[in-house]
Amino acid sequence: MIRIHEEPAQVAKLVGLAALCSAMSFLGACSKGRSTEELLQPNSGGAMTVSESSRHAFSRPATNLTVAQRGEFFIGNAFFNSPWVVAPASAGARDGLGPLFNARSCDQCHNNDGRGQPPLTEDEQPVSLVIQFATPTPGDNNEPQADPNYGVNFNPFAIGGVPAEGKLRIRHREIAGTYGDGTPYTLLAPEYSFEELAYGELAADTKLSPRIAPAVFGSGLLEAIPEAQIMERSDPDDADNDGISGRPNHVWDPLVGRAVLGRFGWKLNQPDIAHQTAAAFSSEIGMTTSIRPTQICTSVQTACLAAPSGGEPEISDEIFEHMVTYQRMLAVPMRRNLDSPEVKRGAKLFLESGCESCHRATFKTGTIKDQPWLSDQTIHPFTDMLLHDMGEGLADGRADFAASGSEWRTQPLWGLGLQKTVNGHTRLLHDGRARDVSEAILWHGGEGERAKEAFRTLSKQDREALLRFIDSL
């Protein structure tokens, strides 16, 4: 058995930065003169906002689509939600699953177009949580190098006649901490181990990164943000001395033959929805596309290499385009409870605590040819689309293009208050270790340390107001 631990570092300080976080100079730097009005806009997705708060809140088509475009949406929706089958099959358009895989459909990971979660029990094998591998030395174009025996992803499932890669076990270590007012809390630090490995040992220097499937609604709007808007918020050397040094990731795009701005993935390692979707098909469903035309079987996985194919590529360009377009057309749910005095006070605390320094409220999309529903929309995703060093407590040690082992993309917060309704859970962060928003904040370190301490040292009443504001998103 191979056991790999993630070791958080000082995640539950009882004292330390409280005085600094409450200092007016710090609060002024964090708010940067921004008003709470910007944080309280109801239409998070501009004209792509829908008034919906049911379990389908993340799965609605944008309201500004034409009848023909809505037809495109529902075609893509059908392929996104239906399972793929083993080749050869009579349903030739839907065969080619595996040979190794994590899930049988996109919806199995992104259920109702929302967030995944880690296994609920120690023995359950992960579906919407994947383990990505990489060796310390990057390959061509600075891309992470896969483990020689297990490739880029750990696949706990396989088609008949092909051995699955093994079993994953996740155990948790409890870490106790205390809020500034003396209220205790407990965080869960996950520890990962592999058992019954079918293809030998992992390489001694292989790094792992557990990653939960993110929500996909609103992806088209994030893709439509002009690069200049993202880059103008980059501050890699912290020139303004606010303690925040967000920076972009630049990743290799094989279609254009050069490095481009990364927008998607937990470390911004994919440039657009098409590449993100192709990567998921390849490493998590085991199916080829024109962007990723090669199966992921390694040289020691002989049964995988010999398994029948569902075509070349297994996902036709037409079907693939339907699925990408579907994601571009997904709407964003409208905000709720914005007239509540507690939500309004929470917005002020969100600014004063420094949260908005990374979770920036507003962007405006560009004019997108042939995608008018995405064009010229003022949106409020609460992300800066940049990488931030989040400290050793959240570090996975796995570099990903220019992203270091402790850097993560600022996740969009829109829709967060509906996650339990849509997905039945409130698990957060890249590996789902946080059981709710409070724990997610308390795991912040590095550039997020001061905002975390500002939250930790708030009164209980103020903490609840801040959480009510986040719940309104």
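These lines cover the structure that appears in this document, whether it is placed above or below. All values derive from a computational prediction rather than experimental measurement.

**Let's talk about the overall build of the chain**
Then, number 1: Looking only at helices and strands, the chain features 14 helices and 15 strands.
Then, number 2: On C-alpha atoms alone, the chain measures out to a radius of gyration of 22 Å, which is about the 23 Å that the 2.2 N^0.38 rule sets for 473 residues.
Then, number 3: Considered along the principal axes of its C-alpha atoms, the chain spans approximately 65 × 55 × 40 Å.
Then, number 4: Taken over 473 residues, the chain has a buried fraction of 58%.
Then, number 5: In the chain, of all internal contacts separated by at least 6 residues, the share reaching a separation of at least 24 is 71%.
Then, number 6: Of the roughly 18,500 Å² of accessible surface on the chain, 51% is carried by carbon and sulfur atoms.
Then, number 7: Of the side-chain charges in the chain, 43 are positive and 60 negative, and the distance between the mean point of each set is 5 Å.

**A look at the state of the cysteines**
Then, number 1: All chains considered together, the criterion is met by one disulfide.
Then, number 2: Paired by a disulfide, cysteine 297 and cysteine 304 hold their sulfur atoms 1.9 Å apart. Residues cysteine 297 and cysteine 304 share a disulfide whose torsion about the S-S bond is about -65°; that sign makes it left-handed. Of the two residues, cysteine 297 and cysteine 304, both sit in the buried class.
Then, number 3: The closest cysteine sulfur to the non-disulfide-bonded cysteine 106 is located on cysteine 109, 8.1 Å from its own sulfur.

**Some remarks on unusual backbone geometry**
Then, number 1: Residue proline 88 is reached from alanine 87 by a cis peptide bond, and omega for that bond is -5°.
Then, number 2: Here proline 88 lies in the loop between helix H3 (67-81) and strand S3 (100-101).
Then, number 3: Phi at glutamate 196 takes a positive value of approximately 55°, unusual for a residue other than glycine.
Then, number 4: Among the secondary structure elements, glutamate 196 is positioned in the loop between strand S7 (184-195) and strand S8 (207-212).
Then, number 5: At aspartate 370, a residue that is not glycine, the phi angle is positive and equals roughly 70°.

**Describing empty space enclosed by the protein**
Then, number 1: This model, assessed by the stated rule, comprises two cavities of 30 Å³ or more.
Then, number 2: Looking at the largest cavity, it is lined by 42 residues, and the ones nearest its centre are His359, Gln411, Leu413, Leu429 and His444.
Then, number 3: Contributions of two or more residues to the lining of the largest cavity are made by helix H2 (24-31), strand S15 (407-409), helix H12 (437-442) and helix H13 (449-456).
Then, number 4: A per-class count over the lining of the largest cavity returns 23 nonpolar, 12 polar and seven charged.
Then, number 5: Volume-wise, the second largest cavity comes out at about 30 Å³.
Then, number 6: Considering the residues around the second largest cavity, the lining is formed by Pro118, Leu129, Ile170, His172, Pro190, Tyr192, Arg427, Asp431, Gly432 and Arg433.
Then, number 7: Residue composition of the lining of the second largest cavity, by class: five nonpolar, two polar and three charged.

**Describing the packing of H3 against helix H9 (residues 317-329)**
Then, number 1: Two elements in contact, H3 and H9, have axes separated by 7 Å at closest approach and are oriented at 110°. Overall, the two elements H3 and H9 adopt an arrangement that is roughly perpendicular. Every pair of crossing elements has a handedness; the one defined by H3 and H9 is left-handed. The segment H3 lies against H9, with Gln69, Glu72, Phe73, Ile75, Gly76, Asn77, Phe79, Phe80 and Asn81 engaging Ile319, His322, Met323, Tyr326, Gln327 and Met329.
Then, number 2: Across the contact of H3 with H9, the residue classes tally to eight nonpolar, six polar and one charged.

**As for helix H7 (residues 273-285)**
It helps to recall that an α-helix has 3.6 residues per turn; residues three or four apart then point in one direction.
Then, number 1: Burial of H7 is extensive: 11 of the 13 residues sit out of reach of the surface.
Then, number 2: All of the buried residues in H7 are Ile273, Ala274, His275, Thr277, Ala278, Ala279, Phe281, Ser282, Ser283, Glu284 and Ile285.
Then, number 3: Elements in contact with the buried residues of H7: S3, helix H4 (106-109), strand S4 (129-134), helix H5 (219-223), strand S9 (250-253) and H9.
Then, number 4: With a side-chain oxygen lying 3.3 Å from the backbone nitrogen of alanine 274, the N-terminal cap of H7 falls on aspartate 272.
Then, number 5: Following H7 by one or two positions, glycine 286 has its phi on the positive side, about 75°.

Basis of the calculations
- Residues numbered from 1 in each chain as written.
- Predicted model: local features only at pLDDT ≥ 70, side-chain atom pairs only at ≥ 80, totals over all residues.
- Heavy atoms only, no water.
- Helix = DSSP H or I, 4+ residues; strand = E, 2+ residues; numbered from the N terminus.
- Rg over C-alpha atoms; globule rule 2.2 N^0.38 Å.
- Buried < 20%, exposed > 50% of the residue type's maximum accessible area, 1.4 Å probe, protein only.
- Contact = heavy atoms within 4.5 Å.
- Areas by Shrake-Rupley, 256 points an atom, 1.4 Å probe, with all protein chains shown as cover.
- Lys, Arg positive; Asp, Glu negative; His and termini not counted.
- Charge placed at Lys NZ, Arg CZ, Asp CG, Glu CD.
- Disulfide = S-S within 2.5 Å.
- 1 Å grid on protein atoms, 1.4 Å probe; cavity = no way out; pocket = protein on both sides within 12 Å on 5 of 7 lines; lining within 4 Å.
- Points joined across faces, edges and corners; volume = space filled by probe spheres on them.
- Nonpolar A, V, L, I, M, F, W, Y, C, P; charged D, E, K, R; others polar.
- Axes fitted to C-alpha atoms, helices over the stretch in contact; angles between N-to-C directions.
- Parallel < 35°, antiparallel > 145°, perpendicular 65-115°, else oblique.
- Left-handed = near helix turned anticlockwise from the far one by under 90°.
- Polar contact = N/O pair within 3.5 Å; in protein donor to acceptor, adjacent residues only side chain to side chain.

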